[in-house]
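# Residue-level structural notes
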Amino acid sequence: MLSCLYLSNLWCQIPQGGRPTGNRGNQGKPMSDVSEELDTTIYNFFYFERPMLKRNYADTLLDRIDQYDPSIEFGNEHLTLGNLGSASHPFRYSNQENLGLEYGFDQYDLYNFKLEDIKLFEQNRPLNDLYFTPLNGQANFQVKALFSRRFANDVSFHLNYRRINQTGFYQNQFTKTTNLTGAIYIDKKKYRGMYSLVINNNNEENNGGIDINTPQDSISNPLYRRRTNVPIFLIDANSRKEERIYSFKNDFNLFNSKNRNFGVYSNLLWNKGSFRSSDDGVSTDSTYYKSFLVDDRGLRSSLRYNQYQAQAGAFLNLKDRFDFRGGIKFKHHNIHIAGNSIPFNELILEGSLLLNIQPVILDLSADLGLADLAGDFNLKGIATIKNDHFILSGGVRLYRFTPTLKSERLAINDQLFWDQNWLKPFGTELFGSIEVPLLNLKGELKQIVETNSIYYDSTFQAKQFTDVLSITQLSLSHHLKLGPVGIDNDLFYQLSSKSELSLPNVYLQQRLYFQFKMFSKNLETQFGLEGQYMNDFKAYSYLPLTATFGNTDERIKNYYRVNAYTSMKVSQFRFFVRYENLSYFWEDIPFSQVLNNPHFDYNFRLGVRWILKD
């Protein structure tokens, strides 16, 4: 649904036709808010599939620069284990977006880079964007660096790096995440090519949550004021997920004129990765691992894979009226699980079409599965109407997907723990949105109706609903600025027809701030309070051995987490200070989003961001 607003906001900004690939970078900000780049410097970014759709990269405002944690970004909310880089689960219910086999080990997708997210730059000066934020000393930090430079002969180089290193505040919850993308981009009159690399490594020590089950021994016990004294379930459990993607994308223009582009495209891809989770200190007590305790000497779960993809097709663009891309994609999976090699072959017919028939813009896409994906499909259509007063969008999506590999085949200690077949989930999404720029107001509504939905129960066993699942989702955003005072309100609400699903109903994010300039208007400053509210809901529990979030009947109480912050900007340098989790001063027990996994207490965080030119 956010893509509807993104499309309609940006269509009038581009000189020629183009279909966006998603709302990335400067999320939630209109183009007018990011257009203050100084002098004649040009930093426009785009994505390979739609090079004509360009956005200004210059982030000259102070809005949300202190929000280092992707799990609290509105529209991308995730439930985490309380530690940056830890396993996470989406707050909003959704099914997979793209056609193809999913393995089901997606607990770190929140932090990882994707091939389609690589930003390519139209620039006349080199760009360096550096970001660093430590927490409670040097053991917990996040560092990010983006570099882009254009060379002679229409060749440019792009690099994006991120490292999360977090020891946490409880025992055995260390996380280390390393993400890297690199791309060489060639832009000629008759040829465009992108040769890219994506690396994602996720490491986590798993403590299984805190082991406090009696009222007289609660976490508010003075003995546990030092959080490393709090007992935990696991002491020798670790998880690792790694991924390497090598991609070669090419566009060949067979006919190129002012009003028409016609050509063919190709893509070769190799994706190599693995997931491994183990516990070498497991005991014979089955309280924690339940039926997964197949060997009291230790437990492990692992999967390795290689993916080989070839893709080819044709594109046709008629100025800003018509944009079509269509072709065929073949992907071969070679999956190693339980000592066996499992082949899986995907064949997908794909197509996308954008029609600009003022005042209506139609954005259509269709993917049809063949071979081992026979019967799978993903069909989507969006219509957008825009005028000077409002932007109105609506659409429908129909899908049918192959169940995830983990839900059908799971190996423990190199033996198949289960081998089962599920019916393919089938669903319909109806969605609509409206934006009133004058009021800074956005509203979105989505209705999901799905059959054969798969979930995991409190014993972490895969289950399937035999009847219809219905999900209603409502999102409202209102950002008000009166002189130096700003008030931001973002509300999300969802209602499920199934009580078995541990879905939170309400997420509310608010900001109240005061913004002004000092020192002859050279230092822009913002003071503010930020709050996130979640209602009480049936809690998820997490089993690191299988990277599974299971539904439970236990409830997590509602909470309102409060943070105070100060952000400052001078030229291209930004600095922020955050006082996090102020609610610790009036709450005896730290809040949790996942059962037995509390977030950390009150802490002080610094952060700097520096955009360097040349």
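The preceding data block contains the structure.
What this report covers is the structure whose coordinates are included nearby.

About the cut-offs
Residues numbered from 1 in each chain as written. Predicted model: local features only at pLDDT ≥ 70, side-chain atom pairs only at ≥ 80, totals over all residues. Heavy atoms only, no water. Helix = DSSP H or I, 4+ residues; strand = E, 2+ residues; numbered from the N terminus. Contact = heavy atoms within 4.5 Å. Buried < 20%, exposed > 50% of the residue type's maximum accessible area, 1.4 Å probe, protein only. Core = buried A, V, L, I, M, F, W, Y, C linked by side-chain atoms within 4.5 Å. Phe/Tyr/Trp six-rings, centres within 6.5 Å; stacked < 30°, edge-to-face > 60°. Lys NZ or Arg CZ within 6 Å of the ring centre and 35° of its normal. Patch = residues over 30% accessible without salt bridge, like charges linked within 9 Å, V, L, I, M, F, W, Y side chains within 5 Å. Areas by Shrake-Rupley, 256 points an atom, 1.4 Å probe, with all protein chains shown as cover. Salt bridge = Lys/Arg side-chain N within 4 Å of Asp/Glu carboxyl O. Pairing = 2+ DSSP bridges.

## Observations concerning the environment of Ile556
The topology assignment puts Ile556 in strand β30 (residues 548-556). Discounting chain neighbours no more than four positions away, the residues touching Ile556 are Asn535, Asp536, Phe537, Ala539, Ser592, Gln593, Val594 and Leu595.

## Some remarks on unusual backbone geometry
Of note, the bond from Gln358 into Pro359 is cis; its omega dihedral lies within 30 degrees of zero at 5°. Positionally, Pro359 belongs in the loop between β15 (340-357) and β16 (360-371). With a phi angle near 60°, Asn153 is a residue other than glycine that sits in the positive phi range. Turning to its location among the elements, Asn153 is positioned in the loop between β7 (140-151) and β8 (155-166). Assessed through its relative accessible area of 59%, Asn153 is described here as exposed. The backbone phi angle of Asp414 is positive, close to 60°, even though this residue is not glycine. Along the chain, Asp414 falls in the loop between β19 (409-412) and β20 (415-419).

## Overview of the nonpolar core
In terms of nonpolar packing, the biggest core is built from 43 residues, with Tyr103 and Ile335 touching the most fellow members. Those residues in contact with Tyr103 that sit more than four places away from it in its chain are Leu303, Tyr305, Gln307, His333, Ile335, Thr404, Leu405 and Lys406.

## Observations concerning the packing of aromatic side chains
Under the criterion given, the structure shown has 32 aromatic pairs. Between Phe48 and Tyr185, the ring centres sit 6.3 Å apart and the planes meet at 90°, which makes this aromatic pair edge-to-face. Of this pair, Phe48 sits in the loop between β1 (43-47) and β2 (50-56) while Tyr185 sits in strand β9 (residues 175-187), and the two are 137 residues apart along the sequence. The buried category is assigned to Tyr185, whose relative accessible area is 2%. Geometrically, the ring pair formed by Tyr540 and Phe549 is edge-to-face, given 6.4 Å between the ring centres and 90° between the ring planes. Residue class for Tyr540 comes out buried when judged on its relative accessible area of 4%. Among the residues examined, Phe549 registers a relative accessible area of 8% and is labelled buried. Put simply, the rings of Phe45, Tyr47 and Phe121 touch in pairs and so form one group of aromatic residues. The ring of Tyr131 is capped by Lys144, whose NZ or CZ atom sits 4.5 Å from the centre of that ring. The positively charged end of Arg192 is found above the aromatic ring belonging to Phe48, 4.2 Å away from the centroid.

## Notes on a nonpolar patch on the surface
Among the surface-exposed residues, Ile328, Leu349, Leu368, Leu370, Leu379, Val396, Leu398 and Leu430 lie close enough to one another that they form a single nonpolar patch of about 580 Å² accessible area. Mapped onto the nonpolar patch, the elements with two or more residues apiece are β16 and β18 (391-400).

## Overview of the pairing of strand β11 (residues 237-256)
Note that strand β10 (residues 191-206) and β11 share 16 bridges and pair antiparallel. Its bridge partner lying in β11, Tyr191 is registered against Phe252. Where β11 hands over to strand β12 (residues 260-279), the hairpin turn is made up of three residues, counted between the paired strands.

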